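What follows is the residue order along each chain.
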Amino acid sequence: MTGWSAPTRETLFVLNDVLGVTRSEIPGYDMLDEDTVQAVVEGMGRFCTEVLAPLNPVADAQGCTRHGDGSVTTPDGFRQAYAQLIESGWNTLAADARYGGQGMPHVLGTVFEEYMNSACPGFMMYPGIVNGATSTIISAGSDHLKDTYVPKVISGEWLATMALTEGHAGTDLGLMRTKADPRGDGSYAITGEKIFISGGEHDLTENIVHLVLARLPDAPAGSRGISLFLAPKVLPDGTRNALGCAAIEHKMGLNGSATCVMTFDGATGWLLGEPNAGLAAMFIMMNAARLGVGVQGLANAEHAYQRASAYASERKQGRAMGQRPDPAAAADSLLVHPDVRRLLLDVRAFAEGFRALVLWTAMQIDAAHHGDEEADALVSFLTPVIKAFGTDQGFASAVAMQQVFGGHGYVKEWGVEQIVRDARIGMIYEGANGVQALDLAGRKLAKDGGKVAMRFAAMVEADLADAPGWLATPMRAALADSTAAAQAMLAQAASDPDALGAGSYAFMELIGLVSVGWMWAKIVQAVDGRDDGFAQAKRVVARHFAERRLPDSMALRCRVEAGAANLMAMPADMFLREA
Ligand SMILES: Cc1cc2nc3c(=O)[nH]c(=O)nc-3n(C[C@H](O)[C@H](O)[C@H](O)COP(=O)(O)OP(=O)(O)OC[C@H]3O[C@@H](n4cnc5c(N)ncnc54)[C@H](O)[C@@H]3O)c2cc1C
């Protein structure tokens, strides 16, 4: 018993009944019938439940070890589990068939991401970057680089990293200093230090392919002077490249993932894409990674919910205010208490709605891969929302589920405090959530005259036509709040340069709320006419979201409308406490 098992029934319900993947006309989906989808989902679920989940507490307790020669050992069991992953082929399921992948739809790969992230997020960090890394090499690399590196990374024989961050350059990558000097033979000598590099060094694969941002000698200052390079740990001639792990970070959570300080000491690398266009090339990778991090939020919430609901049904404290399930017992289960139910239903309402949202978005990614520009625009609009709202709610869900355990949630024994610690990073990396919100408000909202935002609102509105009044009414109010908030923010921005920054976070939360509510409308529609326990539970959880989460839209709208004036009123030196 690991405290979590893959929620395959929930996944299959979303894929088949809510989103209709087997009826979809997205190119490539004709390979999906209900039997295939079930076999794949259950197979992935078994792998994560049986192989990865038992490693989670071990990874947390042991962490990674760096040795004197710069090598890094991952926690016990990771090497064997990684070998089993490669053997199973689940890692190549949705990968590009031109380079050895199985070419199945991304929507199924997204299910696997959720399960791996619930089972053992520290392990997931190693293969988790592969999709973004290979997409970047495929779109920006020369044929030689593609042929040399992509098949081996897709197969899992090698792993990859994204090496962006430097000590003084995190969000503001324009400040980075790592340099790349041309050698005259098509290669570059890369010199500098990167920090916080996930999977920078480990013992899972012989080779690690680093995608590194660096500056060419004549590069313009700032973000327009950054180029992207591919620098492998082991060079094609079999010699070690001049790069290595100088240290690993000791962190709050995600201990199974080696977060490395990496030094590049004239390391050999090759340019990916055009000179000085590295950030654009890297965005391919970052967008894939951002969606993946949003899925981490879902995975954290689902894992914590499973533990807390099991605990609440066993733990007996206090008596029911109303009817007592067992009048002779000294105490009732925690589930008789409305406030415990509130905590559990809040999390379930987020997790089930958000699962539908990420899988719906994964379907749009599949459509976009086949040239559907409208789908691509919707993915781009929702990416910062899924990343930021998903990880905020994932962390909040873990904390709420910890609360269900009382003091037993604060001690290690029950495994829920690990989820709290592991979930926290999602809000920070891959672009901190405040920056995601700015991306939404500053770039995505006004893009093409607001066309995508309006299309999004129209799609939500269309699905409300068939929704019951108890859901449609608060959803329409939330949608109206989001439209009013957007208009207020854009109007303020015409005269106040700080308006977008001041309103963006609440606006991102508003769109997150509306997006999850939209999925609840689809879910309720999918169980319409059914009266079994599963369908009844869906309606109860949907109603909880409608009654207790959607009203937040009013407060969020007020926050946006408040504007920037008061936030910016205090002089910077007054933020410091006087001695
Ligand atoms: C465990 C872990 C794993 C990581 N893995 C990787 C990896 O594999 N590769 C990699 O390259 N990096 C990685 N990172 C780095 C991570 O992406 C950065 O920490 C993150 O981008 C934020 O940068 P920073 O820490 O320098 O914070 P800062 O940039 O200093 O930001 C501090 C705070 O200020 C806010 N802020 C900054 N600028 C703005 C702005 N313009 N507007 C509004 N708010 C702003 C931010 O939102 C944030 O809340 C990892 C970090 C950790 C902790």
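Conventions and cut-offs
Numbers given to residues run from 1 along each chain, matching the order in which its sequence is written. Restriction of local features to residues with pLDDT of at least 70 applies here, the model being predicted, together with a cutoff of 80 or more for giving and counting side-chain atom pairs; totals for whole chains, interfaces and linings are based on all residues. Note on conventions: DSSP H or I runs of at least 4 residues are helices, E runs of at least 2 residues are strands, and numbering of each starts at the N terminus. This radius of gyration counts C-alpha atoms alone. The globule rule is 2.2 Å times how many residues there are, raised to the power 0.38. A pair of residues counts as a contact when their C-beta atoms, built from backbone coordinates, are separated by no more than 7 Å. Note that the domain bounds were set by an automatic or database domain assignment. Working definition: the nonpolar core is a set of buried Ala, Val, Leu, Ile, Met, Phe, Trp, Tyr and Cys residues, joined through C-beta atoms within 7 Å. Using C-beta atoms placed from the backbone, we call a residue buried if 20 or more other C-beta atoms fall within 10 Å of its own, exposed if 12 or fewer do, and partly exposed for counts in between. All residues are tested the same way: a C-beta atom is placed from the backbone, and lying within 6 Å of a molecule or strand makes the residue near it. In this context, the arc is that of the directions from the helix axis out to the C-beta atoms.

Student: What's the story with the overall build of the protein chain in this structure? I'm lost.
Tutor: Scanning the protein chain from N- to C-terminus turns up 18 helices and nine strands. By the compact-globule yardstick of 25 Å for 579 residues, the protein chain fits well, its C-alpha radius of gyration being 24 Å. Projecting the C-alpha coordinates of the protein chain onto the three principal axes gives extents of approximately 80 × 65 × 60 Å. Long-range pairs, those at least 24 residues apart, make up 75% of the contacts in the protein chain with a sequence separation of at least 6.

Student: Help me understand the domain arrangement of the protein chain in this model?
Tutor: Interfaces are frequently sized by the accessible area removed from exposure as the parts join. If you check the domain split of the protein chain, you get domain 1 (8-134), domain 2 (158-279) and domain 3 (440-569). Here domain 1 and domain 3 have C-alpha centroids that lie 31 Å from each other.

Student: Would you mind going over the nonpolar core with me for this structure?
Tutor: Generally speaking, a soluble globular protein has its nonpolar side chains buried in company with each other. Residues Phe-229 and Phe-507 are the most contacted members of the largest nonpolar core, which totals 186 residues. Setting aside anything within four residues of it in sequence, one finds Phe-507 in contact with Ala-437, Leu-440, Ala-441, Ala-485, Ala-486, Met-489 and Val-560.

Student: Would you explain the site of the ligand in this entry?
Tutor: Neighbouring the ligand are 22 residues, the closest being Leu-164, Gly-170, Thr-171, Ser-198 and Ala-432. Elements with a contribution of two residues or more to the shell around the ligand: strand 3 (159-163), strand 5 (188-198) and helix 13 (433-444).

Student: What's the story with the environment of Ser-118 in this structure? I'm lost.
Tutor: For Ser-118, the location among the structural elements is in helix 5 (residues 106-119). The class for Ser-118 is buried, based on 29 C-beta atoms found within 10 Å. A sequence separation of 28 residues divides Ser-118 from Trp-90, and the C-alpha atoms of the two residues are 16 Å apart. Once you skip the residues sitting within four places of it in the chain, Ser-118 turns out to touch Trp-4, Ala-299, Glu-302 and His-303.

Student: What is the right way to look at helix 4 (residues 78-88) in this model?
Tutor: One turn of the α-helix equals 3.6 residues, which is why residues spaced by three or four share an orientation. Burial in helix 4 covers these residues: Phe-78, Ala-81, Tyr-82 and Leu-85. The arc that holds the buried residues of helix 4, viewed along the axis, is 100 degrees, so those residues lie on one side. The exposed residues of helix 4 that point more than 90 degrees off its buried face are Gln-80, Ala-83 and Glu-87. Those residues of helix 4 hidden inside the fold are in contact with helix 2 (34-52) and helix 6 (121-124).

Student: Please explain the environment of Ala-299 as it appears in this structure.
Tutor: Note that Ala-299 resides in helix 9 (residues 278-314). The buried category is assigned to Ala-299, around which 29 C-beta atoms lie within 10 Å. Remark: the alpha-carbon pair of Ala-299 and Gly-43, spanning 256 residues in sequence, is separated by 18 Å. Not counting residues within four places of it along the chain, the set of residues in contact with Ala-299 comprises Glu-114, Asn-117 and Ser-118.

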